[in-house]
Amino acid sequence: MLDPTRLRLLREFAEHGTMTAVGEVCGMTSSAVSQQLATLEREAGVPLFERSGRRVRLTAEGRRLVRHAHIVLNALDAAEEDLRSATTPRGPVRVACFATAAVHRLLPAMAVARTRHPGLHVILAELEPRETVEALRRGACDLGISFSYNLIPEDLPPGISRWFVGAEPILLALPATHPAAGPVDLDAADLGPADPSAVDLGTLRGDPWIAGSRGTTDHVLLGRACAMAGFHPDVIHTADDYALVLRMVREGLGVGLVPELVASVVGVPDGVVLRPISTVEITRTTYALVRTVTPAVTAVLDLLGAHPDAERP
């Protein structure tokens, strides 16, 4: 019978690529990792590794076993959690979440959980989407709340399921004095691309831009959206805090893209207006990411109003 502990090491090897890296992640020496994986290879009865120069890589059989390992280990984790939780949501649920969703979605869910599920303890850790996926994959959290943009499709690692939480448009943040801002009744506007106040990105090709830090999806999003409008944005400033971005816009330092939810979570300062985009539809979708579904995790998903991605409304 294949040993689950060794299957975990195999899964880590598939992720990190070297015995040394697996040892660092698992708190073992590279020699001990090598010995355990050699034993797994004997148990499997087929070659799992092959030499590639000075390094070792997985064979086709090894990669096949990794796929089985994801299924087996997730099932074992689910069984352990299920036995601990029984059918009543209880115990800690560690949730990794980005700041905007934490304020708008998770904190209200945590407040309801106190009365609806007294034995349930939701523990929040603020992490960016890429950090959330990695924490979930390593088992450092039980549930992740992340987002993706429609212009930047992303694949999830094996063994992680995605639940739809909500979607929102991306808006332009402009100084109120900007020619593209124009007077508009925000209460009457639908903030969609057909709204008469919608702005053509192409008209902003000469403006300075404020973008997320280089390497973040926010930075990539701006580049792709502007490319679809036929120009390359002149990014002068970078900032990841939307409250800071809006205040920089107010000071006339540039224009930027912000999710609609920011208006209610952060607040739009005087001197700044948000306008929909007519050139290209840009949306941000919020997801709950789950590795192992337990009664406690299911309770949090229910509080978030999450649906399996295939059943999204």
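Let me begin by describing the structure that accompanies this report. (Residues numbered from 1 in each chain as written. Predicted model: local features only at pLDDT ≥ 70, side-chain atom pairs only at ≥ 80, totals over all residues. Heavy atoms only, no water.)

## Here's the deal with the overall build of the protein
Point 1. Across its full length, the protein holds 10 helices and 12 strands.
Point 2. Taking the principal axes of the C-alpha coordinates as reference, the protein spans close to 70 × 55 × 30 Å.
Point 3. The buried share of the protein, reckoned over its 313 residues, is 46%.
Point 4. Excluding contacts between residues fewer than 6 apart, the proportion of contacts in the protein whose partners are at least 24 apart in sequence is 76%.
Point 5. Accessible area for the protein stands at about 15600 Å²; split by element, carbon and sulfur atoms hold 53% of it.
Point 6. A distance of 8 Å separates the average location of the 30 positive side-chain charges in the protein from that of its 37 negative side-chain charges. (Helix = DSSP H or I, 4+ residues; strand = E, 2+ residues; numbered from the N terminus. Buried < 20%, exposed > 50% of the residue type's maximum accessible area, 1.4 Å probe, protein only. Contact = heavy atoms within 4.5 Å. Areas by Shrake-Rupley, 256 points an atom, 1.4 Å probe, with all protein chains shown as cover. Lys, Arg positive; Asp, Glu negative; His and termini not counted. Charge placed at Lys NZ, Arg CZ, Asp CG, Glu CD.)

## Considering the packing of helix H1 (residues 4–16) against helix H3 (residues 30–44)
Point 1. Where H1 meets H3, the closest approach of the two axes is 9 Å, and the angle between their N-to-C directions is 110°. Between H1 and H3, the interaxial angle falls into the category roughly perpendicular. Contacts between H1 and H3 involve Arg6, Leu7, Leu9, Leu10 and Phe13 on the former and, on the latter, Gln36, Leu37, Thr39, Leu40 and Glu43.
Point 2. When the residues that make up the contact of H1 with H3 are grouped by side-chain class, the tally is 6 nonpolar, 2 polar and 2 charged. (Axes fitted to C-alpha atoms, helices over the stretch in contact; angles between N-to-C directions. Parallel < 35°, antiparallel > 145°, perpendicular 65-115°, else oblique. Nonpolar A, V, L, I, M, F, W, Y, C, P; charged D, E, K, R; others polar.)

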